[in-house]
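# Working through the structure, step by step
What follows is each chain in one-letter form.
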Amino acid sequence: MMIEIFERLKILFWGVEWGHATIYYPDNNKDTEKLQFKQIVNPNISSLQNPKDILGFEIDGRCTGKRKVVELVKTFPLDRVCALYFLIEKKTQLPFVMDIVEEFSLGKPKLYGIDPDYFFSLIPLNGNSHRLVEKYILGLKNDYSFRGTIIRYGKQVLIYAGLSAILYEGFVVTVFRKPMSLSSNTQNPGLKSYLL
Amino acid sequence: MLKSFLLENWKVFTESPFPSSMEAVPITSCTKDYGNDVVLIFINNYPYPQYIMKISRSPFYGLKLKNEYLALKSLQKVKGLNYYVPFPYYCGSLGGNIFFIQGGIPGTSLWRLIRKKKSIDACKLLIDESIDLLIAINSLGFSRDRVFSEEKKNGHFLTQYEEEFIGSGLSIKKIEELKDYWEKFEKYGHRFFLHGDYWQANIMVDERGRKISGIIDWEFSEESASAPTDIIWFMINLGYCLYLRANPEGDLLDSFRWSFFTPGRHSEMLSSIFSKYITAIGWKQDLLRILLETALVEMSVRNLVTYGRHFDMDKICLQMLHYAIANEGSICIR
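All residue numbers refer to positions counted from 1 along the written sequence of the respective chain. Think of it this way: whatever chain is written first is A, whatever ligand is written first is 1, and the rest follow in order. In keeping with the model being predicted, local features are shown solely for residues with a pLDDT of at least 70 and side-chain atom pairs are shown and tallied solely at 80 or more, while totals for entire chains, interfaces and linings include all residues. With hydrogens and water set aside, each side-chain value is computed from the structure's full complement of heavy atoms.

A few words now on the overall build of chain B. We count a stretch as a helix when DSSP gives it H or I for four or more residues in a row; a strand needs E for two or more, and each element gets its number in order from the N terminus. Scanning chain B from N- to C-terminus turns up 14 helices and ten strands. Radius of gyration: C-alpha atoms only; globule rule: 2.2 Å multiplied by the number of residues to the exponent 0.38. Its C-alpha radius of gyration of 20 Å places chain B within 12% of the 20 Å reference for a compact globule of 334 residues. Projected onto the principal axes, the alpha-carbon positions of chain B cover approximately 60 × 45 × 40 Å. Only protein chains enter the accessibility calculation, which uses a 1.4 Å probe; a residue is then buried when its area is under 20% of its type maximum, exposed when over 50%, and partly exposed in between. In chain B, which comprises 334 residues, the share counted as buried stands at 60%. Working definition of accessibility: Shrake-Rupley area with a 1.4 Å probe, residue cover restricted to the visible protein chains. When the accessible surface of chain B is summed, it comes to about 13200 Å², and 52% of that surface belongs to carbon and sulfur atoms.

Residue and element names in this part refer to chain B. The split of the chain into domains comes from an automatic or database domain assignment. On domain assignment, one finds that chain B holds domain 1 (19-103) and domain 2 (108-330). Just the C-alpha atoms count here: the centres of domain 1 and domain 2 sit 24 Å apart. Each partner contributes residues to the interface: domain 1 has 25 residues there, and domain 2 has 27 residues. The term buried area means the drop in 1.4 Å probe accessible area that two parts suffer when joined, counted for both and summed. Summing both sides of the interface, domain 1 and domain 2 together bury roughly 2300 Å²; the carbon and sulfur share of this comes to 62%. Looking at the side of domain 1 facing domain 2, the largest losses of area belong to K64, N67 and Y84, adding up to 26% of the total buried there. Between Lys or Arg on one side and Asp or Glu on the other, a salt bridge is scored when a side-chain nitrogen of the former is within 4 Å of a carboxyl oxygen of the latter. At the boundary of domain 1 with domain 2, the tally comes to three salt bridges. In this structure, E219 and K54 form a salt bridge, with 2.9 Å as the shortest nitrogen-oxygen distance. Any N or O atom pair separated by 3.5 Å or less is treated as a polar contact, with the protein-specific requirement of one donor-capable and one acceptor-capable atom, and with residues adjacent in sequence counted only for side-chain atom pairs. Connecting domain 1 to domain 2 are eight residue pairs in polar contact (both at pLDDT 80 or more). A total of eleven residues in the side of domain 1 that touches domain 2 trace back to one element, the largest contributor, which is helix α3 (residues 63-75). Across the side of domain 1 that touches domain 2, the residue classes tally to 16 nonpolar, three polar and six charged. Residues are treated as being in contact if the distance between any of their heavy atoms lies within 4.5 Å. Lys, Arg, Asp and Glu make up the charged group, whereas Ala, Val, Leu, Ile, Met, Phe, Trp, Tyr, Cys and Pro make up the nonpolar group; the residues left over, Gly among them, are polar.

Glancing now at helix α13 (residues 288-307) of chain B. Residues and elements named next belong to chain B. What a helix is expected to span follows from its residue count: subtract one and scale by 1.5 Å. The end-to-end C-alpha distance of α13, which contains 20 residues, comes to 29 Å, matching closely the 28 Å that a straight helix rising 1.5 Å per residue would cover. Most of α13 is tucked away: 19 of the 20 residues are buried. Positive backbone phi, approximately 80 degrees, marks G308, located one or two places after α13.

Before going further, it helps to examine helix α2 (residues 66-75) of chain A. Given 3.6 residues per turn, any residue in an α-helix points the same way as the ones three and four places further on. Residue and element names in this part refer to chain A. Within α2, the full set of buried residues consists of V69, L72 and V73. Burial along α2 is one-sided: seen end-on, the buried residues are contained in an arc of 95 degrees. Among the exposed residues of α2, those pointing more than 90 degrees away from its buried face are R67, K74 and T75. Arc definition: directions from the helix axis to the C-beta atoms.

Glancing now at the pattern of salt bridges. When charged atoms on two side chains of opposite charge get close, those side chains can pair. All names here are of chain B. Under the criterion given, the structure shown has 23 salt bridges over all chains. In this structure, the salt-bridge partner of R191 is E186, at a minimum N-O distance of 3.2 Å. On the basis of relative accessible area, E186 is assigned to the partly exposed category, the value being 28%. What you see here is one network of salt bridges that share partners, running through K54, K64, E68, D217 and E219.

Bringing the environment of L7 of chain B into the picture now. All names here are of chain B. Position of L7 among the secondary structure elements: in helix α1 (residues 2-8). For the pair formed by L7 and A324, sequence separation is 317 residues and the distance between their alpha carbons is 51 Å. Those residues within four positions of L7 in sequence are excluded, and the remaining contacts are F18, P19 and M22.

Before going further, it helps to examine the confidence of the model for chain A. The pLDDT value tells you how sure the predictor is about a given residue, anywhere from 0 up to 100. Here chain A shows a mean pLDDT of 78. Residues at 70 or above account for 81%. Ignoring residues within four places in sequence, the model shows residues 180-190 of chain A, a span with pLDDT below 50, making 22 contacts including any to other chains.

Our next topic: the nonpolar core. To define a nonpolar core, start from buried Ala, Val, Leu, Ile, Met, Phe, Trp, Tyr and Cys residues and group those joined through side-chain atoms within 4.5 Å. Core analysis: the largest hydrophobic core is formed by 91 residues, its most contacted members being I231, I236, F260 and L296 of chain B. If we skip the residues at most four places from it in the chain, I236 of chain B touches L252, F256, F260, L292, L296 and M320 of chain B.

A separate point is the packing of helix α9 (residues 172-188) of chain B against α13 of chain B. Any two packed helices are characterised by the angle at which their axes cross and by the distance between the axes. Residue and element names in this part refer to chain B. Remark: α9 packs on α13, axes separated minimally by 10 Å, with the N-to-C direction vectors making an angle of 105 degrees. Between α9 and α13, the angle falls in the class roughly perpendicular. In this structure, α9 uses K174, E177, L178, Y181, W182 and F185 to contact α13, whose residues at the interface are R289, I290, L291, E293, T294, V297 and E298. Counted by class, the contact of α9 with α13 contains seven nonpolar, one polar and five charged residues. Between N-to-C directions, angles span 0 to 180 degrees; the directions come from axes that are lines fitted to C-alpha atoms, helices contributing only their stretch in contact. Oblique is the label for every angle not falling under 35 degrees (roughly parallel), over 145 degrees (roughly antiparallel), or within 65 to 115 degrees (roughly perpendicular).

Below, the discussion takes up the sheet that holds strand β9 (residues 212-215) of chain B. Residues and elements named next belong to chain B. Strand order across the open sheet formed by three strands is β6-β8-β9, with antiparallel pairing between neighbours. Each edge of the sheet is formed by a strand with only one pairing partner; in this case those strands are β6 (108-109) and β9. Pairing between strands is defined by DSSP: at least two bridges between them are needed. One ladder, built from two bridges, connects β6 with strand β8 (residues 203-205); its direction is antiparallel. Opposite T108, over in β8, you have V205 as the bridge partner. Contacting β8 and β9, helix α5 (residues 124-138) crosses the sheet at an angle of about 40 degrees to β9.

Right, let's talk about the packing of aromatic side chains for a bit. Ring geometry is summarised as follows: Phe, Tyr and Trp rings, the Trp one being its six-membered ring, pair when their centres sit within 6.5 Å, and such pairs are stacked at plane angles under 30 degrees, edge-to-face over 60 and tilted between the two. Under the defined criterion, the tally for this structure stands at 35 aromatic pairs over all chains. Each ring, one from F6 of chain A and one from W18 of chain A, has its centre 5.4 Å from the other, and the planes form 90 degrees; the classification is edge-to-face. Within this pair, whereas F6 of chain A is found in helix α1 (residues 2-9), its partner W18 of chain A is found in strand β1 (residues 18-26), the two being separated by twelve residues in sequence. Grouping residues by exposure puts F6 of chain A and W18 of chain A together as buried. Ring centres 5.6 Å apart and planes at 40 degrees place the aromatic pair Y24 of chain A and F37 of chain A in the tilted group. Placement of Y24 of chain A in strand β1 and of F37 of chain A in strand β2 (residues 35-41) is noted, with a sequence separation of 13 residues between them. Within the aromatic cluster, the residues linked to one another by ring pairs are W14 of chain A together with F5, F13, Y90 and F99 of chain B. Its guanidinium or amino end placed over the ring of F220 of chain B, R302 of chain B lies 4.0 Å from that ring's centre, counting from NZ or CZ. Counted as over-ring charges are cases with an Arg CZ or a Lys NZ within 6 Å of the ring centre that also lie within 35 degrees of the ring normal.

Here you go:
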């Protein structure tokens, strides 16, 4: 499950030279504050000499392992981290996550809503034009049944009323370090151009 | 990260000034490893994505994007058609994965419009315009750099994958007949520029639903094909789209039986489309059955030839091929 979620999220880290992703998640089968973890190796980055790490946390609705998350972020060697992400269930968990993110000031955090209806869309929610984007993604849905039409209108009303948070099945907060640049292409031989 | 990567390299990618605002929205329409990750790029509060970034999920399947880039670059030089083709801004690779940034085309897809409209008559002009465009595309005669192997276009895969076809239940006699068709097409001397995935979801219609605004997804395009198979794929999917209006849970195989082998208004519509197309390219009307079987053969091994493995659609095309062969006498598209 963790790998599946990460496989979908990793597009957000495009342009980041990451070698490993370490993802912490609660053990849903046990009533414990301990966190499990998985490590994923980026198969496309073997040519880089010093690949960085992505640190990810999946936080359930009860904020299981809250203290452990803070402890882990504090103790992880941040010079090795190029991106940090949190997957949360509810928007009410946002202040907790933002506190951690701001404390370690890696960069400006970005919030995405996970739209379950159109395949798998990650809609940026803290930009100026997020309503336009939400409206467009909503229009991509292919269900033209009576039920589908009603749902579509309902969603549109929620977007205009500023209540779109209830439409998402989860949220992602990301924060990262400076990405690759074409100007530093000589240091990043992985970036090749086919512009002819 | 994604957005910063785009902003950092914006001038190189698009040769245009920095946007005052930008949102990058990742969507995934196919979670298989052969699919692409797609990023819709909204800039300056425009209600449609003005740029589309496609990223191959696996380095192995990046060829499709390179092929699309080369096709779009060639098509930009064709006056009249370049208006309908996304502008190819930049193609590159990072960490082994190919990415491609192209212009977005506003509007909705013809597929959605046909599904949405109460009457199909409202879409007839658009379907006609799609056929006119297809005739113009298929009639293009130029060559360009290739990224796929030669085998894909000349039909030798019928020999190469003969055992596979026999294993699926196709008779040796039928395979020999299909090989003969290919040879005849080759000798015919006509050459076609194919879109490779010309169906209603890849045909964009303007916001008011009045005219075609563009054709997208040129990943499987090829030049100098000997058989114009795009029209078959268009007709199969039009039949499917019409079928779904009445049977929302229906599948492609059912719709194929319904639209090609059951007489009715829909088969008359497909007949008139085929008639218009085949007359325009100067072929004979009675070639439908041959073209249908040829196209289904090609589509049932297309991914195997290109990538060495079957994808889901191959199996469905093979089933359609078997049905078409078993019911050759009852095809009702004339």
